[in-house]
Amino acid sequence: MNAIEPTQVQVCRNVMETLVSQEIDAQLLLLPARVAQSVNKIDVMTYAMNRLPALYASSQKGWQYQMSRAQKQYGQQILLAVRQAIIAVQRDPLRRVIPLQSHGDVQSQAAQVALDKLKELLQNEQLSWSNLVVIVEQSLIKASRGEMNSKSPRFLARSIDMWDRHGYLR
């Protein structure tokens, strides 16, 4: 049995995603170019995947097993699911779709909002994630010395007392 090193991240993947993606590409090649270009592959993928079983693998051996199984057992079902998906997503060409954002995009947007609020709070437009610690530390030291201007947030003074009591500003 192979041990996973603590720093190694183990992932699992659905074999069907690969096979469906390959089938979508193959079927789109058979369509007229203007039709193929108008097909949203993500919509086709979503439609087809929701009609097929998931076959996950977390190792190379498991991946090979599931891939072989999927091709033998579900090859025809994949072909039909993709064909139906292409037809289904073409039916309503005028529909407006607002795509899902990846979890990373949502987190990135939230991080940017937080950074913008800190820029305003600390009155420092130069603030970035790479210099955040340095600028916050400088702002706290300035506030503890009474060097911040009168527009400085009042909470900063209270925060300074707390930080000083805990020894962070020494």
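Below: a short report on this structure. If you're wondering where the values come from, they're calculated on a predicted model, not measured in any experiment. Think of each chain on its own: its residues are numbered from 1, step by step along the sequence as written. Local features in this predicted model are restricted to residues of pLDDT 70 or higher, and side-chain atom pairs are both shown and tallied only at a pLDDT of 80 or more, whereas totals for entire chains, interfaces and linings draw on every residue. Water and hydrogen atoms were dropped before computing side-chain values, which therefore reflect all heavy atoms in the structure.

### Topic: the packing of aromatic side chains
Paired rings are identified among Phe, Tyr and Trp, the last through its six-membered ring, by centres lying within 6.5 Å, and are further divided according to the angle between planes into stacked (under 30 degrees), edge-to-face (over 60) and tilted (the rest). Counted under the stated rule, the structure contains 0 aromatic pairs. Both a distance and an angle decide whether a charge sits over a ring: NZ of Lys or CZ of Arg must be within 6 Å of the ring centre and within 35 degrees of the ring normal. Arg-13 extends its terminal NZ or CZ atom over the ring of Trp-63, reaching a point 4.3 Å from the ring centre. Above the ring of Tyr-47, the side-chain terminus of Arg-51 is found at 3.5 Å from the ring centroid.

### Overview of the nonpolar core
Residues belong to one nonpolar core when they are buried, are Ala, Val, Leu, Ile, Met, Phe, Trp, Tyr or Cys, and are joined through side-chain atoms within 4.5 Å. The buried label goes to any residue with under 20% of its type's maximum accessible area, the exposed label to any with over 50%, and the partly exposed label to all in between, with areas taken from a 1.4 Å probe on protein chains only. Formed by 25 residues in total, the largest nonpolar core has its most connected members in Val-15, Met-16, Val-20, Ile-24, Val-44, Ile-78 and Val-82. Residue assignment for this core shows that the elements contributing at least two residues are helix H1 (15-29), helix H3 (41-49) and helix H4 (60-90). Only DSSP runs of H or I covering at least 4 residues are called helices, and only runs of E covering at least 2 are called strands; the numbering of each starts at the N terminus. Broken down by element, the residue count for this core peaks at 10 residues, all from H4. Contact criterion: two residues are considered in contact whenever any of their non-hydrogen atoms come within 4.5 Å of each other. Those residues in contact with Ile-78, other than ones at most four positions away along the chain, are Met-16, Leu-19, Val-20, Glu-23, Leu-52 and Ala-70. Of all hydrophobic cores here, the second largest spans 5 residues; its members include Leu-122, Leu-127, Leu-132 and Ile-135.

### Points about the pattern of salt bridges
A side chain of one charge can pair with a side chain of the opposite charge when the charged atoms of the two come close. Within this document, salt bridges are pairs made up of a side-chain nitrogen of Lys or Arg and a carboxyl oxygen of Asp or Glu, the two lying within 4 Å of each other. Enumeration according to the criterion identifies 1 salt bridge in this entry. One salt bridge connects Lys-41 with Asp-25, and the closest N-O pair in it is separated by 3.1 Å. Taken together, the residues Lys-41 in helix H3 and Asp-25 in helix H1 connect sequence positions 16 residues apart. Residue classification places Asp-25 among the partly exposed positions, given a relative accessible area of 35%.

### Description of H4
Each residue after the first adds 1.5 Å to the expected span of a helix. End to end, H4 covers just 36 Å across 31 residues, shorter than the expected 45 Å (1.5 Å per residue, more than 12% under). Consider a residue and the seven residues that end there alongside the seven that start there; fitting an axis to each set, the bend is the angle between those axes. The largest bend in H4 amounts to roughly 75 degrees and is located at Tyr-74. Of the positions making up H4, those classed as buried are Trp-63, Gln-66, Met-67, Ala-70, Tyr-74, Ile-78, Ala-81, Val-82, Ala-85, Ile-86 and Val-89. In this structure, the buried residues of H4 make contact with strand E1 (13-14), H1, H3 and strand E2 (56-57).

Without other data, these values stay purely geometric and don't point to any function.
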